[in-house]
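# Topology and contacts: notes
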Amino acid sequence: MQNLTFSFKNETQMLQFGTQLAVIFKQYFAKSPNNSLVVYLNGELGAGKTTLTRSIVQAFGHTGNVKSPTYTLVEEYQLSPYSVYHFDLYRLSDPEELEFMGIRDYFQAQSLCLLEWAEKGKGVIAESNLDIQIDYADEGRNITLLPKTAELVEIITQLNNERTGT
Ligand SMILES: Nc1ncnc2c1ncn2[C@@H]1O[C@H](COP(=O)(O)OP(=O)(O)OP(=O)(O)O)[C@@H](O)[C@H]1O
Ligand SMILES: [Mg+2]
């Protein structure tokens, strides 16, 4: 499958897309109940990684604030039966810090791990199942989905067909 790119004129549209992504992720957990789902959010500073994460976390049932884990490295949300972990590794100086915080325990069944600046934890964090690339486009954003597993390719193709009405 080709990588899929979606265009969003404003933040509201992008937040709606986050809700659709949450549906995809829940379908993935239904099909792969013993797996974690690791998503890398890639894009420049201010591209909208945290903004998109906020709508995903809220679509999983979180009602409060979603703050950027810039200093804490990770924020966790227990949203039974799922756990959602939001990482921001921008300020990580040494990937070994992640070993100390027990990073491997986060990548469990029914855990959604959303990572900003994942490249800073290279070698220590799990490989991604899905990369989400966010790029500036005029005043809006383009989002490209790069699924790494057959299940996600299938689920995302279905979503795309629904969006385009084919
Ligand atoms: N689709 C969009 N169109 C226009 N503006 C947007 C869109 N999505 C988000 N924004 C705005 O862009 C900014 C994105 O900030 P955000 O903190 O989400 O970026 P980030 O990628 O997480 O940055 P960082 O790398 O610093 O963590 C916010 O001010 C938000 O209101
Ligand atoms: Mg951010």
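Look above for the structure.
Below is a summary of the structure that appears in this document. Note that this is a predicted model, so its numbers are computed, not measured.

## Considering the site of ligand 1
By nearness alone, 17 residues border ligand 1, and Glu11, Gly46, Lys49, Thr50 and Thr51 come closest of all. About the coverage of ligand 1: the protein hides 72% of its 650 Å² of free accessible area. Within the residue set of the shell around ligand 1, elements represented by two or more residues are helix H1 (11-31), helix H2 (49-59) and strand E7 (140-147). Top contributing element to the shell around ligand 1 by residue count: H2, with 3 residues.

## Looking at the layout of surface pockets
If you roll a probe as big as a water molecule over the atoms, it shows you where there is empty space left. Quantified by volume, the largest pocket comes out at close to 220 Å³. Around the largest pocket, the lining residues are Tyr40, Ala118, Glu119, Lys122, Gly123, Ile125, Glu127, Ser128, Asp131 and Lys148. Looking at side-chain class alone, the lining of the largest pocket contains 3 nonpolar, 2 polar and 5 charged residues.

## A few points about the coordination of the magnesium ion (ligand 2)
The protein atoms donating to the magnesium ion (ligand 2) are Thr50 (OG1) and Glu116 (OE), with metal-donor distances spanning 2.1 to 2.2 Å. In this pair, Thr50 sits in helix H2 while Glu116 sits in strand E5 (residues 111-116), placing the two residues 66 residues apart along the sequence. Each member of the pair Thr50 and Glu116 is classed as buried.

## Re the environment of Leu152
By secondary structure assignment, the location of Leu152 is in helix H4 (residues 150-164). With 84 residues separating them along the chain, Leu152 and Ser68 place their C-alpha atoms 26 Å apart. Not counting chain neighbours up to four residues away, the residues in contact with Leu152 comprise Ile24, Tyr28, Leu37, Asn129, Leu130 and Pro147.

## Some words on unusual backbone geometry
Between Ser80 and Pro81 the backbone carries a cis peptide bond, its omega angle lying at 5°. Note that Pro81 resides in the loop between strand E3 (74-79) and strand E4 (82-88). In this structure, Trp117 is a non-glycine residue whose phi angle is positive, near 55°. Tracing the backbone through its elements, the reader meets Trp117 in the loop between E5 and strand E6 (130-137).

## Overview of the packing of aromatic side chains
In total, this model carries 9 aromatic pairs according to the counting rule given. Ring geometry for Phe60 against Tyr82: centres 5.2 Å apart, planes inclined by 85°, an arrangement best described as edge-to-face. Placement of the pair is Phe60 in the loop between H2 and E3 and Tyr82 in strand E4, with a sequence separation of 22 residues. Judged by relative accessible area, which is 6%, Phe60 ranks as buried. Between the aromatic rings of Tyr90 and Trp117, the centroid separation amounts to 5.0 Å while the plane-to-plane angle is 55°, which identifies the pairing as tilted. With Tyr90 in the loop between E4 and helix H3 (96-100) and Trp117 in the loop between E5 and E6, this pair connects stretches of sequence that are 27 residues apart. Tyr90 gets classed as partly exposed once you look at its relative accessible area, which sits at 32%. Trp117 gets classed as buried once you look at its relative accessible area, which sits at 16%. Three or more aromatic residues joined by ring pairs make a cluster, and in this case those are Tyr28, Phe29, Phe60 and Tyr82. Positioned over the ring face of Tyr90 is Lys120, at 5.1 Å from the centre of the ring.

Conventions and cut-offs
Residues numbered from 1 in each chain as written. Chains lettered and ligands numbered in written order. Predicted model: local features only at pLDDT ≥ 70, side-chain atom pairs only at ≥ 80, totals over all residues. Heavy atoms only, no water. Near = heavy atom within 4 Å. Areas by Shrake-Rupley, 256 points an atom, 1.4 Å probe, with all protein chains shown as cover. Helix = DSSP H or I, 4+ residues; strand = E, 2+ residues; numbered from the N terminus. 1 Å grid on protein atoms, 1.4 Å probe; cavity = no way out; pocket = protein on both sides within 12 Å on 5 of 7 lines; lining within 4 Å. Points joined across faces, edges and corners; volume = space filled by probe spheres on them. Nonpolar A, V, L, I, M, F, W, Y, C, P; charged D, E, K, R; others polar. Donors = N, O, S within 2.8 Å, 3.2 Å for Na, K, Ca; no water. Buried < 20%, exposed > 50% of the residue type's maximum accessible area, 1.4 Å probe, protein only. Contact = heavy atoms within 4.5 Å. Phe/Tyr/Trp six-rings, centres within 6.5 Å; stacked < 30°, edge-to-face > 60°. Lys NZ or Arg CZ within 6 Å of the ring centre and 35° of its normal.

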